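The chain contents come next:
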Amino acid sequence: QVQLVESGGGLVQAGGSLRLSCVASGSIFRVNAMGWYRQAPGKQRELVATITSGGATSYADLVKGRFTISRDNSKNTVYLQMNSLEPEDTAVYYCTADIIRLGAVYAYLHWGQGTQVTVSS
């Protein structure tokens, strides 16, 4: 079994910063790409940022220049540093990881349970 556990969400004023963390644990052989999605009330889930195992990153246009994704492969952990937060960033943020389990051949996308980020104006 594999688990993704996020932390770091909370309430922050507009212009503030938060850092999200997500740890993958369990029967893991390899963690490939990791990423963050978010879902605001009444809206579809959207991709925020991704990072490959080699460190290549990509971002949604809405967060470019404000958010930074990084990872620590030794800890199977991905981070999302969020600066200059805006009320429009309010959402539940979900961690994802493309993981090959021990004894498996193929990788599957795993999701965390989500962490709430609320930005007040």
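As a reminder, the structure under discussion sits directly above these lines.
Residues numbered from 1 in each chain as written. Predicted model: local features only at pLDDT ≥ 70, side-chain atom pairs only at ≥ 80, totals over all residues. Heavy atoms only, no water.

*Asks:* What is the right way to read the overall build of the protein chain from this model?
*Replies:* Across its full length, the protein chain holds zero helices and 11 strands. When the helices and strands of the protein chain are placed in sequence order, the string is β-β-β-β-β-β-β-β-β-β-β. Its C-alpha atoms give the protein chain a radius of gyration of 14 Å, within 12% of the compact-globule value 14 Å for 121 residues. Across its three principal axes, the protein chain shows a C-alpha extent of roughly 50 × 25 × 25 Å. Expressed as a percentage of its 121 residues, the buried residues of the protein chain come to 40%. In the protein chain, of all internal contacts separated by at least 6 residues, the share reaching a separation of at least 24 is 57%. Split by element, the accessible area of the protein chain, about 6500 Å² in all, is 49% carbon and sulfur. Between the mean site of the 10 positive side-chain charges and the mean site of the 8 negative ones, the protein chain shows a separation of 7 Å. (Helix = DSSP H or I, 4+ residues; strand = E, 2+ residues; numbered from the N terminus. Rg over C-alpha atoms; globule rule 2.2 N^0.38 Å. Buried < 20%, exposed > 50% of the residue type's maximum accessible area, 1.4 Å probe, protein only. Contact = heavy atoms within 4.5 Å. Areas by Shrake-Rupley, 256 points an atom, 1.4 Å probe, with all protein chains shown as cover. Lys, Arg positive; Asp, Glu negative; His and termini not counted. Charge placed at Lys NZ, Arg CZ, Asp CG, Glu CD.)

*Asks:* Sorry, what's going on with the nonpolar core here?
*Replies:* Nonpolar side chains in soluble globular proteins generally cluster together in the buried interior. By size, the foremost hydrophobic cluster in this structure holds 29 residues, and its most contacted members are Trp36, Leu80, Met82 and Tyr93. Residue assignment for this core shows that the elements contributing at least two residues are strand 1 (2-7), strand 3 (18-26), strand 4 (28-39), strand 5 (46-51), strand 7 (67-72), strand 8 (77-82), strand 9 (91-101) and strand 11 (115-120). Tallying contributions element by element places strand 9 first for this core, with five residues. Setting aside its immediate chain neighbours within four residues, methionine 82 contacts Gly16, Ser17, Leu18, Leu20, Arg66, Phe67, Tyr93 and Val117. (Core = buried A, V, L, I, M, F, W, Y, C linked by side-chain atoms within 4.5 Å.)

*Asks:* Before we go on, may I ask you to explain the sheet that holds strand 1 in this structure?
*Replies:* Sheet strands pair by backbone hydrogen bonding; their relative direction is either parallel or antiparallel. Strands sit in the order 1-3-8-7 across an open sheet of four strands; the sheet is antiparallel. Two strands bound the open sheet, and with one partner strand each, they are strand 1 and strand 7. Looking at each pair of strands side by side, their axes are set apart by 15° on average, direction ignored. Of the strand pairs in this sheet, strand 1 and strand 3 are connected by six bridges, and their pairing is antiparallel. Residue glutamine 3 lies in a different strand from strand 3, and its bridge partner there is serine 25. (Pairing = 2+ DSSP bridges. Axes fitted to C-alpha atoms, helices over the stretch in contact; angles between N-to-C directions.)

*Asks:* So what exactly am I meant to see when it comes to the pattern of salt bridges here?
*Replies:* Oppositely charged side chains can pair when the atoms bearing their charge come close. Per the counting criterion, the structure on display carries five salt bridges. Across the salt bridge formed by lysine 64 and aspartate 61, the nearest N and O atoms sit 3.2 Å from each other. The class of aspartate 61 is exposed, set by a relative accessible area of 64%. A network of salt bridges, in which partner residues are shared, links Arg38, Glu46, Arg66, Glu86 and Asp89. (Salt bridge = Lys/Arg side-chain N within 4 Å of Asp/Glu carboxyl O.)

*Asks:* Any chance you could explain the packing of aromatic side chains here in plain terms?
*Replies:* Any pair of aromatic rings gets described here by the distance separating the centres and the angle formed by the planes. Tallying each qualifying case throughout the model produces two aromatic pairs. The interplanar angle of 50° and the centroid separation of 4.9 Å between the aromatic rings of tyrosine 37 and tryptophan 111 together place this pair among those described as tilted. Linking tyrosine 37 in strand 4 with tryptophan 111 in strand 10 (residues 107-111), this pair joins segments that are 74 residues apart in sequence. Seen from their ring centres, tyrosine 94 and tryptophan 111 are 6.3 Å apart, and the 75° between their planes marks the pair as edge-to-face. Within this pair, whereas tyrosine 94 is found in strand 9, its partner tryptophan 111 is found in strand 10, the two being separated by 17 residues in sequence. Since its relative accessible area comes to 14%, tyrosine 94 is described here as buried. Relative accessible area serves as the criterion here: at 35%, tryptophan 111 is assigned to the partly exposed category. Pairwise contacts between aromatic rings join Tyr37, Tyr94 and Trp111 into one cluster. (Phe/Tyr/Trp six-rings, centres within 6.5 Å; stacked < 30°, edge-to-face > 60°.)

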